[in-house]
Every structure is written in structure tokens, then in C-alpha cells.
Amino acid sequence: MNDVVTNSRNHTGSLNAAGVSIQNLRKSYGTNEVLKGISLNVSPGEVVCLIGPSGSGKSTLLRCVNLLEQPNEGTIHVGGFDATDPDVDIDRMRRKVGMVFQQFNLFPHLSALRNCTVAQTKVLKRSQSEADKVAHANLERVGLGHLADRYPDQLSGGQQQRVAIARALSMDPELMLFDEPTSALDPETVGDVLSVMRNLAKEGMTMLVVTHEMGFAREVADRVVFMDGGVVVEEGVAEQVISAPTQGRTKEFLKRVL
Ligand code: ADP
Ligand code: MG
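Residues numbered from 1 in each chain as written. Chains lettered and ligands numbered in written order. Predicted model: local features only at pLDDT ≥ 70, side-chain atom pairs only at ≥ 80, totals over all residues. Heavy atoms only, no water.

Q: Just to check I follow, could you spell out unusual backbone geometry for this structure?
A: With the exception of glycine, the majority of residues adopt a negative phi angle, and the majority of peptide bonds are in the trans configuration. Look at Leu67: it is not a glycine, yet its phi comes out positive at around 60°. You can see Leu67 is positioned in the loop between helix H1 (58-65) and strand E4 (73-78). (Helix = DSSP H or I, 4+ residues; strand = E, 2+ residues; numbered from the N terminus.)

Q: Teacher, can you tell me more about the pairing of strand E8 (residues 206-210) here?
A: Within a regular beta strand, the side chains point alternately toward one face of the sheet and then the other, so they alternate between its two faces. Counting buried residues in E8 gives 5 out of 5 residues, a clear majority hidden from the surface. Both faces of E8 are covered, namely the face carrying Thr206, Leu208 and Val210 and the face carrying Met207 and Val209. With respect to chirality, the unit in which strand E7 (residues 175-179) leads through helix H6 (residues 187-202) into the neighbouring parallel E8 is right-handed. (Buried < 20%, exposed > 50% of the residue type's maximum accessible area, 1.4 Å probe, protein only. Right-handed = clockwise from strand over helix to strand, strands pointing away.)

Q: Which parts of the structure should I look at to understand the site of ligand 1?
A: The local shell around ligand 1 consists of Tyr29, Asn32, Val34, Pro53, Ser54, Gly55, Ser56, Gly57, Lys58, Ser59 and Thr60. A distance of 2.8 Å separates an oxygen atom of ligand 1 from a polar atom in the side chain of Lys58. Expressed as a share of its isolated accessible area of 560 Å², the protein-covered part of ligand 1 is 58%. Elements that contribute at least two residues to the shell around ligand 1 include exactly strand E2 (32-42) and H1. Looking at the shell around ligand 1 element by element, the count peaks at 3 residues for H1. (Near = heavy atom within 4 Å. Polar contact = N/O pair within 3.5 Å; in protein donor to acceptor, adjacent residues only side chain to side chain. Areas by Shrake-Rupley, 256 points an atom, 1.4 Å probe, with all protein chains shown as cover.)

Q: Any chance you could explain the environment of Val97 here in plain terms?
A: When you line up the elements, Val97 lands in strand E6 (residues 97-100). Setting aside chain neighbours within four positions, we find Val97 in contact with Asn66, Val78, Pro173, Leu175 and Leu177. (Contact = heavy atoms within 4.5 Å.)

Q: Explanation requested: the sheet that holds strand E10 (residues 231-237) in the structure shown.
A: Within a sheet, neighbouring strands are paired by backbone hydrogen bonds and run either parallel or antiparallel to one another. One open sheet accounts for 6 strands, arranged E6-E7-E8-E3-E9-E10; its pairing is mixed. A strand with exactly one partner marks an edge of an open sheet, and here the two such strands are E6 and E10. Taken pair by pair, the neighbouring strands of this sheet meet at an average axis angle of 15°, ignoring direction. Against the sheet, helix H5 (residues 157-169) makes contact with E6 and E7, and its axis sits at roughly 170° relative to E6, the strand it touches most. (Pairing = 2+ DSSP bridges. Axes fitted to C-alpha atoms, helices over the stretch in contact; angles between N-to-C directions.)

Q: It is not clear to me how H5 should be interpreted in this structure. Could you clarify?
A: The periodicity of an α-helix, 3.6 residues per turn, causes residues three or four positions apart to be oriented the same way. Between the first and last C-alpha of H5 there are 18 Å, a value that for 13 residues agrees with the 18 Å anticipated at 1.5 Å per step. Here H5 has its buried residues at Gly158, Gln159, Gln160, Gln161, Arg162, Val163, Ala164, Ile165, Ala166, Arg167, Ala168 and Leu169. Where H5 is buried, its residues contact E6, helix H3 (112-122), helix H4 (128-141), E7 and H6. (Expected span 1.5 Å × (residues − 1).)

Q: Could you clarify how one ought to interpret the sheet that holds strand E5 (residues 81-82) in this entry?
A: Sheet architecture is open: 4 strands sit in the order E2-E1-E4-E5, paired in antiparallel fashion. Both edges of this open sheet fall to E2 and E5, since each of them pairs with a single strand only. Pairing between E4 and E5: 2 bridges, direction antiparallel. Looking across to E5, one finds that His77 is bridged to Asp82. Sheet strands touched by H1: strand E1 (20-29), E2 and E4. Its angle to E1, the strand with the most contacts, is close to 120°.

Q: So what exactly am I meant to see when it comes to the pattern of salt bridges here?
A: Side chains bearing opposite charge may pair, as long as their charged atoms lie close to each other. Applying the stated criterion to the full structure yields 13 salt bridges. A salt bridge links Glu203 to Arg141; its shortest N-O distance comes to 2.6 Å. Highlighted residues: Glu203 in the loop between H6 and E8 and Arg141 in helix H4, separated in sequence by 62 residues. The structure contains a network of salt bridges with shared partners spanning Lys27, Arg63 and Glu69. (Salt bridge = Lys/Arg side-chain N within 4 Å of Asp/Glu carboxyl O.)

Structure follows, in C-alpha cells:
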């Protein structure tokens with residue numbers, strides 16, 4: 001299912017994976033400081049799972065990485081771009097970053113295929129036939145080549161989320177951000193989505209994944225970062241953070257989710 005096109009590779013076949021480097025990131029909404037000096041690096045090709053209680057700032061952190069939110073302080077480098085440089089070419093930088101949300105946000109009036117082509121033709125200026133080719137390859141890659149003509153309401157939640165992943169991949173991202181991609185799904189469709197993500201990780205995609213799926217984190221993540229109250233409380237190799245956390249807050253959180 002994933003041996004079709006690996007468009008995280010460039011035209012010469014080598015992998016285009018971008019790293020992320022976040023230094024002392026601060027973000028407030030009014031007087032509510034949500035991110036209180038976060039530093040976090042993800043190397044090219046690395047998979048980092050971000051865990052932590054609701055309200056700890058995980059989504060805000062992801063949204064700062066592709067500038068859906070403007071940080072107040074600190075720096076973020078993505079690939080060769082300095083996201084916090086006022087002169088940064090935001091559009092070019094964002095193109096390196098694919099994002100998948102808890103709510104899939106597919107266009108309801110477009111087929112799975114068209115969901116995967118619209119930004120290709122509008123943003124990347126690809127021809128319709130090239131966009132179709134890329135979209136088909138990515139729908140195959142997520143196991144949905146046979147459902148390309150279905151509309152979102154004719155697909156299960158897990159299938160819709162896989163279309164959302166194919167749509168993001170169709171833009172040739174060098175980094176993928178996932179914000180609780182399986183939290184809104186029926187349990188029986190979670191596995192297919194995680195399996196697509198596992199394959200993507202194997203191909204060498206850089207991934208920053210907010211998730212409560214500890215099994216996935218343990219198996220796929222190179223590192224796990226635990227956030228609480230807008231700070232990184234603990235981080236390390238997945239097995240160590242999940243099985244032998246050192247901080248009380250981490251232990252308490254894991255007790256609730258495991
Ligand atoms: P998490 O994803 O870990 O649950 P969030 O990043 O969504 O946490 O939220 C962290 C805090 O920031 C919460 O207290 C939330 O209410 C607040 N927050 C998030 N987005 C906004 C916003 N657009 N405006 C005001 N407050 C926000
Ligand atoms: Mg969130």
C-alpha cells in the first residue's frame with residue numbers, strides 16, 4: 001500500500017526531510033501565557049510524540065510551527081527557514097509543513113481525489129493532470145486508491161483522516177505535524193490511520209505528533225516529550241519516558257492514559 005510514490009523524496013530520489021528547531025518559544029493569549037519558554041528540536045527524519053494533559057499548550061505549539069499562531073518570543077527554524085524572521089516567506093515555509101488535525105477538515109463538496117488536488121493546482125500551480133497523478137499516488141499510499149471518487153460523507157472517519165493525510169502528502173511536505181489525528185475516530189478505524197503514520201515514519205518523514213496513543217508512541221517515536229502547563233516537563237527516548245518517567249507530573253499523566 002505504500003510502495004507507490006514517496007513524494008517526500010525529491011526528483012533525484014533522495015529524501016527531503018526538514019528538521020525543526022524551537023528555542024525559548026513563548027505565546028500568550030491576552031494575559032494567559034500558554035507557552036512559557038519551550039525549546040524542542042526534531043531532527044530530519046525523526047519522529048517525536050508530544051504528550052500532555054488537555055490545555056497544556058500542545059496544539060498551540062504545533063500551530064506556532066507553521067505560523068497559524070504568531071509566537072510572542074523565541075525562534076522557530078523549519079528546514080532552512082527562520083519562521084520568526086519578519087521577512088520570512090511564510091508561504092514557502094508553510095509548503096514544507098503538512099498538518100493533520102483531529103477534525104479532518106475535508107471539503108465536504110469535493111471527492112477524495114479533488115480534496116487532494118485543489119491546493120496542488122491553486123498553490124503549487126500544478127496542472128490538473130499532474131495533480132491528479134500525485135493525488136492518486138498518495139491515495140494509494142494511504143490504502144484508498146479504490147475510493148478516490150467518494151465524497152467525505154461516504155467514507156468512515158478513519159478513511160476521511162487517511163484522505164486528509166494523502167492531501168497533506170500531495171503538497172510534498174518535508175515535515176508532518178499531527179494534532180491528535182485519531183482522537184475523533186471510532187476505535188475500529190484508529191489502527192489503519194496509525195499504520196499509515198507508521199509507514200510514513202519508516203520512509204523517513206520528520207514527524208511531530210500530538211497523541212494519546214501510547215502504544216504508537218512507544219513503537220514509532222524516537223523520542224517522547226511530555227508537556228504540562230506550557231513547559232516541557234520531561235523528554236527522552238519513548239520507552240524510558242513511558243515506562244520509567246522521572247517526574248511526578250509525568251507519572252500522574254501516564255497513570256490516567258495508560
Ligand atoms: P492542548 O492542545 O494541550 O489541549 P491548547 O494549545 O489547545 O492545549 O491550549 C492551551 C491553552 O491556550 C488553553 O488554556 C486554551 O484555552 C488556550 N487557548 C488556545 N487557543 C486559544 C485562542 N485562540 N485564544 C485564547 N486562548 C486559547
Ligand atoms: Mg490540543
